[in-house]
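For reference, the chains in residue letters:
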Amino acid sequence: MTMEQRQDHEQARLWNGVAGAAWVELQATLDALFRPFETRLVAALADGADQTVLDIGCGTGATALALAQCLGAGGQVLGIDISEPMIAHAQARTRHQRTRAPVAFLCADAEHHAFEPGRFDRIVSRFGVMFFADPVAAFGNLRRAARAAAQLHLIAWRHPGENAFMTTAERAAAPLLPASPPRAPDAPGQFAFADRARVRLLLEEAGWRDVAITPLDMECRMPESALEPYFTRLGNLGRLWPSLAPDLRERLIATVRPAFAPFLRDGEVCFTAACWEIAATA
Ligand SMILES: C[S@@+](CC[C@H](N)C(=O)[O-])C[C@H]1O[C@@H](n2cnc3c(N)ncnc32)[C@H](O)[C@@H]1O
């Protein structure tokens, strides 16, 4: 097995396992938390446009549904995701939520899927493009799926050092857990697109032009009651959680919860998400 195949396999295992289950379980919390980014992706669409839009790593479907609600009846949205439970959840939502343009969901790997060439007018993603084993191959595949001059509009995380909220749980929990290997900066994962110069290069190498990568800082909020489910189900700590003994879980909650004190305000958890907004043309 090549390193890329191992990484593909690892991401598929994660998103069809503990991470996918957590995103389904916490869907309402996460949708509300990251709604400012959804609003940003939707605002870039012309209201009522009859465009065909691809949402990469669409997860449980919030952004795809919001985009479909903004397009005209002649438009359409396809959400693609590697996670079966997340796509099943997204499909279930379409049965209750009517949208102006039709929306469909596909469980497949966006890096390798044989899209119809030149199909999409617009390709978007909220935090769904940092997990490719070979990003140049993946963005080459997506470019072939885009029609000439189609627009790419992505949101990805900047450096973990600028996103203290996102690393609070693992830092606070570290003294109670076996040492884990340091994060490899460019490896597939939440912060794989932190390096702006690298992202520009890989998009250009994949054939995208007019690449523009600008900082985007967004205020995110959730009720304080959602904090414990958040840090025990998501991220590196959430991944380990199912394998931990009950007494260690209790000690971790007692240690990690107070570490989030700087982010608590009037019954809410508030933090600034430090991201890149990435635009390019096919
Ligand atoms: C952080 S979640 C974001 C989900 C969604 N975009 C949202 O904002 O709610 C990342 C998503 O990317 C998906 N993903 C990871 N690798 C993928 C791939 N190669 N092809 C398609 N989806 C992928 C995961 O299954 C997961 O749903």
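On a predicted model such as this, the values are computed, not experimentally measured, just so you know.

Undergrad: I'd like a description of the packing of aromatic side chains, backed by residues and values.
TA: In total, this model carries 17 aromatic pairs according to the counting rule given. Their ring planes at 10 degrees and their centres at 4.5 Å tell us that F127 and W157 sit as a pair that is stacked. With F127 in the loop between β4 (120-126) and α7 (135-145) and W157 in strand β5 (residues 146-157), this residue pair connects regions lying 30 residues apart in the sequence. Of the two residues examined, F127 and W157, each falls in the buried class.

Undergrad: Summarise helix α12 (residues 246-259); cite the residues concerned and give the values.
TA: For α12, which comprises 14 residues, the first-to-last C-alpha distance of 20 Å matches the rise-based estimate of 20 Å (1.5 Å per residue) to within 8%. When we look at burial in α12, the residues that qualify are L248, L252 and V256. Packing partners of the buried residues in α12 comprise α8 (164-173), α10 (227-233) and α11 (235-240).

Undergrad: Can you explain the packing of helix α2 (residues 18-25) against helix α6 (residues 84-94)? Please cite residues and give values.
TA: With their axes 8 Å apart at the nearest point, α2 and α6 run at an angle of 25 degrees to one another. Classified by the interaxial angle, the pair formed by α2 and α6 is roughly parallel. Counting all contacts with α2, which are made through G20, W23 and V24, the residues of α6 involved are P85, M86 and H89. Classifying every residue of the contact of α2 with α6 by side-chain character gives four nonpolar, two polar and no charged.

Undergrad: Quick one: what's the story with the state of the cysteines, residue by residue and with numbers?
TA: Tallied over the full model, the rule gives zero disulfides. Just so you know, C58 is unpaired, no disulfide at all, and the nearest cysteine sulfur is the one on C107, 9.0 Å from it. Look at C58 and you get buried, because its relative accessible area is 7%.

Undergrad: Please set out the site of the ligand residue by residue, giving values where relevant.
TA: Taken together, the neighbourhood of the ligand is formed by 17 residues, with G57, D81, D109, A110 and R126 sitting nearest. At 3.0 Å, a backbone N or O of A110 approaches a nitrogen atom of the ligand. Relative to its free-state accessible area of 590 Å², the ligand is covered by the protein chains to the extent of 97%. Residues of the shell around the ligand, tallied by class, amount to 10 nonpolar, four polar and three charged.

Undergrad: Explain the UniProt feature "domain: Methyltransferase" (unreviewed entry) in the protein chain residue by residue, including any values.
TA: Feature annotation in UniProt assigns "domain: Methyltransferase" (unreviewed entry) to the following positions: residues 53-146. Taken as a whole, residues 53-146 contains 33% helix and 24% strand, while its terminal C-alpha atoms sit 9 Å from one another.

Undergrad: Can you explain the nonpolar core? Please cite residues and give values.
TA: If you look at the biggest cluster of nonpolar residues, it comprises 96 residues, and the most contacted ones within it are F37, F139, F193 and W208. Excluding residues that lie within four positions of it along the chain, W208 makes contacts with I123, F139, L142, R143, A146, A150, L152, L203, A280, T281 and A282.

Undergrad: For the packing of α7 against helix α9 (residues 196-205), give the residues involved together with the corresponding values.
TA: Two elements in contact, α7 and α9, have axes whose closest approach is 8 Å; the angle formed by their N-to-C orientations is 50 degrees. Between α7 and α9, the angle is such that the two are oblique. Once α7 is placed against α9, the crossing between them reads as right-handed. Contacts between α7 and α9 pair P135, V136 and F139 from the former with R198, L202, L203 and E205 from the latter.

Undergrad: Provide a residue-level description of the pattern of salt bridges, including the pertinent values.
TA: For the structure shown, the criterion picks out 14 salt bridges. Of the charged contacts, one joins E25 and R233 as a salt bridge, the two residues approaching to 2.6 Å between their closest N and O atoms. Of the two residues, E25 is situated in helix α2 and R233 in helix α10; the sequence distance between them amounts to 208 residues. R158 is the salt-bridge partner of E162, the closest N and O atoms lying 3.0 Å from each other. Judged by relative accessible area, E162 falls into the partly exposed class, the value being 41%.

Undergrad: Summarise the pairing of strand β1 (residues 52-56); cite the residues concerned and give the values.
TA: Most of β1 is tucked away, with five of its five residues classed as buried. Judged by which residues are buried, β1 turns out to be covered on both faces: T52, L54 and I56 on one side and V53 and D55 on the other are all buried. Bridge analysis of β1 against β4 gives three bridges, and the strand direction is parallel. Among the inter-strand pairings, V53 is bridged to a residue of β4, identified as R122.

Undergrad: Describe helix α4 (residues 35-43), and please don't skip the residues or the numbers.
TA: Buried within α4 are the following residues: F37, E38, L41 and V42. Summarising the axial view, the buried residues of α4 lie within an arc of 135 degrees, below the 170-degree limit, and thus occupy one face. Next to the buried residues of α4 lie α5 (62-70), β4, β5, β6 (209-223) and β8 (268-281).

Undergrad: Describe unusual backbone geometry, listing the residues and the values that go with them.
TA: One non-glycine residue with positive phi stands out, namely F127, at about 60 degrees. Not every positive phi belongs to a glycine, and D210 is a case in point at roughly 50 degrees. Following the sequence through the fold, D210 ends up in strand β6. Given a relative accessible area of 53%, D210 falls into the exposed group.

Definitions and limits used
- Residues numbered from 1 in each chain as written.
- Predicted model: local features only at pLDDT ≥ 70, side-chain atom pairs only at ≥ 80, totals over all residues.
- Heavy atoms only, no water.
- Phe/Tyr/Trp six-rings, centres within 6.5 Å; stacked < 30°, edge-to-face > 60°.
- Helix = DSSP H or I, 4+ residues; strand = E, 2+ residues; numbered from the N terminus.
- Buried < 20%, exposed > 50% of the residue type's maximum accessible area, 1.4 Å probe, protein only.
- Expected span 1.5 Å × (residues − 1).
- Contact = heavy atoms within 4.5 Å.
- Axes fitted to C-alpha atoms, helices over the stretch in contact; angles between N-to-C directions.
- Parallel < 35°, antiparallel > 145°, perpendicular 65-115°, else oblique.
- Nonpolar A, V, L, I, M, F, W, Y, C, P; charged D, E, K, R; others polar.
- Disulfide = S-S within 2.5 Å.
- Near = heavy atom within 4 Å.
- Polar contact = N/O pair within 3.5 Å; in protein donor to acceptor, adjacent residues only side chain to side chain.
- Areas by Shrake-Rupley, 256 points an atom, 1.4 Å probe, with all protein chains shown as cover.
- UniProt positions renumbered as here; feature names shortened; annotations may be inferred.
- Core = buried A, V, L, I, M, F, W, Y, C linked by side-chain atoms within 4.5 Å.
- Left-handed = near helix turned anticlockwise from the far one by under 90°.
- Salt bridge = Lys/Arg side-chain N within 4 Å of Asp/Glu carboxyl O.
- Pairing = 2+ DSSP bridges.
- Arc of directions from axis to C-beta.

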